[in-house]
Amino acid sequence: MNPADSLPPTESDPRLLEALASLNQISGAINRIGADDVISSADSLQLIVESAIRVVPGSSAIIYTYDEARGVFERKSRVSASPAASSPLFQPPQHQAEPAEPFLDDFPRPNGIGARAIQQRRGLVSYEQPDLGVHPYHAMRGVQAVGCFPLIVAEQAVGVLYIYLQEARPFTQLERLMLENFAHQAAMAIFHTRRLAAMRRDLTRKEEELHRLRRAGMLISSRLRLEETLEAILQLALEMTDAHYGIFRLLDRREQTLVTRAYAGAALTRPKIEALPLNSNSIMAHVARSRQPILIHDLQAEPWCGMYYPLDADLRMRSELAVPLIDASGRLEGVLNLESPETGAFDDDDRHLLQSLAVYAVTAIQEMRLLNAVEEAARRIFSQPCEQVLEHLAEAACDLLNVPSSALWLRREHELILAASSGGLHSERIPLEGSLTGQAVLTRETVMTEDARSDPRFHRRDLAQSQHWTRALIVPLLAGEEGQPLGAFGIYDSAPPLTSPSEGEHSTWRDWDRKVLTFLAHYAALAVQNDRRQQALRAAQEQRSVAETFAAVGDIASNLLHHLNNKVGTIPVRVQSIQEKRAPLVEGDPYLARNLAEIERCAMEAMQTVRDNLSHLRPIRLEPVYIAARLSEAIEAAGLPPGIEIRQEGLERLPLVVAGGQSLTFVFTNLLENAADAMRGRGVIEIRGQADPDWVEITVRDNGPGIPPELKERIFELNVSGRAASRPGKLGFGLWWVKTLMTRLGGSIELENGEHRGASFRLRLPRHKETA
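Reading guide: rules and limits
- Residues numbered from 1 in each chain as written.
- Predicted model: local features only at pLDDT ≥ 70, side-chain atom pairs only at ≥ 80, totals over all residues.
- Heavy atoms only, no water.
- Helix = DSSP H or I, 4+ residues; strand = E, 2+ residues; numbered from the N terminus.
- Buried < 20%, exposed > 50% of the residue type's maximum accessible area, 1.4 Å probe, protein only.
- Contact = heavy atoms within 4.5 Å.
- Areas by Shrake-Rupley, 256 points an atom, 1.4 Å probe, with all protein chains shown as cover.
- Pairing = 2+ DSSP bridges.
- Axes fitted to C-alpha atoms, helices over the stretch in contact; angles between N-to-C directions.
- Parallel < 35°, antiparallel > 145°, perpendicular 65-115°, else oblique.
- Nonpolar A, V, L, I, M, F, W, Y, C, P; charged D, E, K, R; others polar.
- Phe/Tyr/Trp six-rings, centres within 6.5 Å; stacked < 30°, edge-to-face > 60°.
- Lys NZ or Arg CZ within 6 Å of the ring centre and 35° of its normal.

Undergrad: Just to check I follow, could you spell out the overall build of the chain for this structure?
TA: Along the chain, the regular secondary structure elements total 19 helices and 24 strands. Out of the 772 residues in the chain, the part that is buried amounts to 45%. Of all intrachain contacts in the chain linking residues separated by at least 6 positions in sequence, the fraction that spans at least 24 positions is 64%. A total accessible area of about 39,900 Å² is found for the chain, and carbon and sulfur atoms account for 52% of it.

Undergrad: Could you clarify how one ought to interpret the sheet that holds strand β1 (residues 59-67) in this entry?
TA: Remark on secondary structure: sheet strands pair via backbone hydrogen bonds, oriented parallel or antiparallel. The strand order across the open sheet formed by five strands is β2-β1-β5-β4-β3, and the pairing between neighbours is antiparallel. Of all strands in the sheet, those with a lone pairing partner are β2 (72-81) and β3 (124-125), marking the two edges. Pairing analysis gives two bridges linking β3 to strand β4 (residues 145-153), with the strands arranged antiparallel. The residue of β4 that forms the bridge with V125 is G147.

Undergrad: What is the right way to read the packing of helix α9 (residues 348-381) against helix α10 (residues 386-401) from this model?
TA: Two quantities define a packed helix pair, namely the angle between the axes and the distance from one axis to the other. For the pair α9 and α10, the least separation of the axes is 10 Å and the interaxial angle reads 175°. Classed by the angle they form, the pair α9 and α10 counts as roughly antiparallel. In this structure, α9 uses R369, L370, A373, E376, A377, R380 and I381 to contact α10, whose residues at the interface are Q388, V389, H392, L393, A396, D399 and L400. Of the residues contributing to the contact of α9 with α10, the split by class is eight nonpolar, two polar and four charged.

Undergrad: Could you clarify how one ought to interpret the sheet that holds strand β9 (residues 294-296) in this entry?
TA: Taken together, the six strands give an open sheet; going across it, the order is β8-β7-β6-β11-β10-β9, and neighbouring strands pair in antiparallel fashion. The sheet is open, and its two edges are formed by β8 (276-277) and β9, each paired on a single side. Sheet analysis places strand β7 (residues 257-265) next to β8, joined by two bridges and oriented antiparallel. Considered in β8, the bridge of T257 is made with P277. Sitting on the sheet, helix α7 (residues 226-241) is in contact with β6 (245-251), β7 and β11 (332-340), with an inclination near 55° to β7. Sheet contacts for α9: β6, β9, β10 (319-326) and β11; angle to β10, the most-contacted strand, approximately 40°.

Undergrad: Which parts of the structure should I look at to understand the pairing of β4?
TA: Consecutive side chains of a regular strand alternate in pointing toward one face of the sheet and then the other. Counting buried residues along β4, eight of its nine residues qualify, which places the element largely inside the surrounding structure. Note that β4 and strand β5 (residues 156-165) share nine bridges and pair antiparallel. Residue pairing for β5: G147 is matched across the bridge by I163. Between the antiparallel neighbours β4 and β5 lie two residues, among them A154 with a positive phi of about 55°.

Undergrad: What exactly am I supposed to notice about unusual backbone geometry here?
TA: With the exception of glycine, most residues fall at negative phi, and the peptide bonds are largely trans. In this chain, E302 is followed by P303 through a cis amide linkage whose omega measures 0°. The topology assignment puts P303 in the loop between β9 and β10. Despite not being glycine, A154 shows a phi value in the positive range, around 55°. Mapped onto the elements of the fold, A154 is located in the loop between β4 and β5. By relative accessible area, A154 is classed as exposed at 63%. Located in the positive-phi region is R680, a residue other than glycine, with phi close to 55°.

Undergrad: So what exactly am I meant to see when it comes to the packing of aromatic side chains here?
TA: Pairs of aromatic rings are described using the distance from one ring centre to the other and the angle between the two planes. A full pass over the atoms with the stated rule returns seven aromatic pairs. Geometrically, the ring pair formed by Y64 and F107 is edge-to-face, given 5.6 Å between the ring centres and 90° between the ring planes. Note that Y64 is positioned in strand β1 and F107 in the loop between β2 and α4 (113-120), a separation of 43 residues in sequence. As far as burial versus exposure is concerned, Y64 and F107 are alike and both buried. An angle of 20° between the planes, with centres 4.7 Å apart, marks the rings of W469 and Y492 as stacked. Of the two residues, W469 is situated in the loop between α12 (461-467) and β16 (471-477) and Y492 in strand β17 (residues 487-493); the sequence distance between them amounts to 23 residues. Accessibility expressed as a relative area gives 3% for W469, which makes it buried. What links up through ring pairs into an aromatic cluster is the set F458, W469 and Y492. One Lys or Arg, K739, reaches over the ring of F716 and ends 5.4 Å from the middle of that ring.

The following block contains the structure:
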């Protein structure tokens, strides 16, 4: 008995051990594919064919790769091995083109054993396929048998391994098993190489796309007009997707039509760029309504053939790709559309790319809309009243941030007064303490809530419920870095609130929302500051004009008083002379005596009245004055009827103001007399005071019939004298004189337009500053 017969199979045939060693070597080569930035399976395939001829004595081996998508073998992929380089079977991959005559090389036949092995997905040998025979090229070189093993991986054919025998014998079972293992390794090597190459191509393409997307980002900041930006993005989309034509249509302000803002393409003769109704039967309108992208491989297929609206009537399009332009808040801005005359011109990668470009387009649209709003606000600041500027900013906030409601409040002492709003109802007054809006002012920081209907900080939760508000975002109006906040700017949305703060979710307000609202708030603060500076300038100019006028009138008044004294002063003297020289006559005539006494009294009163009233025309000496003391003097001087009740609040705590004492007493006296006359001697006059770091404010309010609407705009004019003219001893200049005196004192007086009954006047005087 031969000792080798008792050995295990792995030890009785050294070819098996050699095959296992080769498999290990091949696996290592496959693992190195892609290393050192080289992607090639040539080394692995060369090891495989060399290993194959070692396990099959007297054989030669060849591998051709196969493109299953096209159903063809790849000529340049040939790898071969033969026992000697001089063997006629050894053909290095030197063929670069199709041979001029048939069978000048061993390239697989379309109906040969290789094609059949791939079709049947199993290994074949020539002696089991009598209808095929050996390839003529190899038959002429003495090949007696051929084995063919398809290279299959992931159910995909990637090539064929050929083994040629020069002797007429069958392949042993061991040889076929080992060759099938080599075929599996070759398949893995080819598949791995192709996969890495595809990944490399995809990576290169992504890098190119990112580079172009960065270009799109630069385009947004480098273009001044929206149309220019959209045209540049459109050209970029055509380059990156190989589309032939494209168009941007944006939704109009009424959200009813899609309006063309940019289009591009070659040989456009009659482009249809008119507006498309949103409810029309077109693909772009369908995308706008559904808010979903559409990839159409064939426009002649149903239902697209009935919806297609050609960009140009003279062009025949077959593929279309359209994506909606939607911002982060969910608002539809428009549609971006690409077309091609080729069927199946676009794929999912193109769709993703176009959606990325759509994001850049939306950013450009938002930034351009913000720029337009800011330019309009800047223009209005210097040409329109502050109220109109604030109304414009409130509307701009709703438009830019796609929210249903916004409001602007200005600070007044311990409360916030509504100055402007857009959409919905808002509180006319909000307390500074204990409210969400007040918190933004006091902390000088942005505040927000995800559900105003239940947030205890929100001042009017009932209002939030009736208006269906959920989210609220509020920013302060800051007058510079260190200045006192002027008020607050808030926006309100009806988006669904977060389910629970405990879930750890962040606020649904975006950084863009906060930045845009803060930006608009800066312009609101600028408008308020500009208005106050204009008011201060007008007040200073008016004060100077009044001072100059009264200085001139004062000179005239002194001269007038001198002459009146000379003329009227002689009346009492002459009366006394008559009484002395004609005493018997006067004593004997009671009528004469009574009238002479009356003439003397009237003359004396006339002199005193002239002195009292013309004293107001002289320059006022400004000094620290207590409001409460001057008001007490005014109440006493007014001589109010018993039916008038005076209610005072907060006056004793008021700081000193800078004013003229006598003039301030006259102002209060005039207001008290007017109120008493309006209430016909019966009613209540409320006088309240409050102070801030720069001003002291006094409100005088009665519960009379109020100021007639037709007089509210003219109440401080010179020819509107009111009831003061009916009082004896008064010149009858009415509230005009009160306003003039307040201006001379460096303050102001306004008629309040509140909901209360009666008239209400608000006086402001500068607060006295203590000097160190």
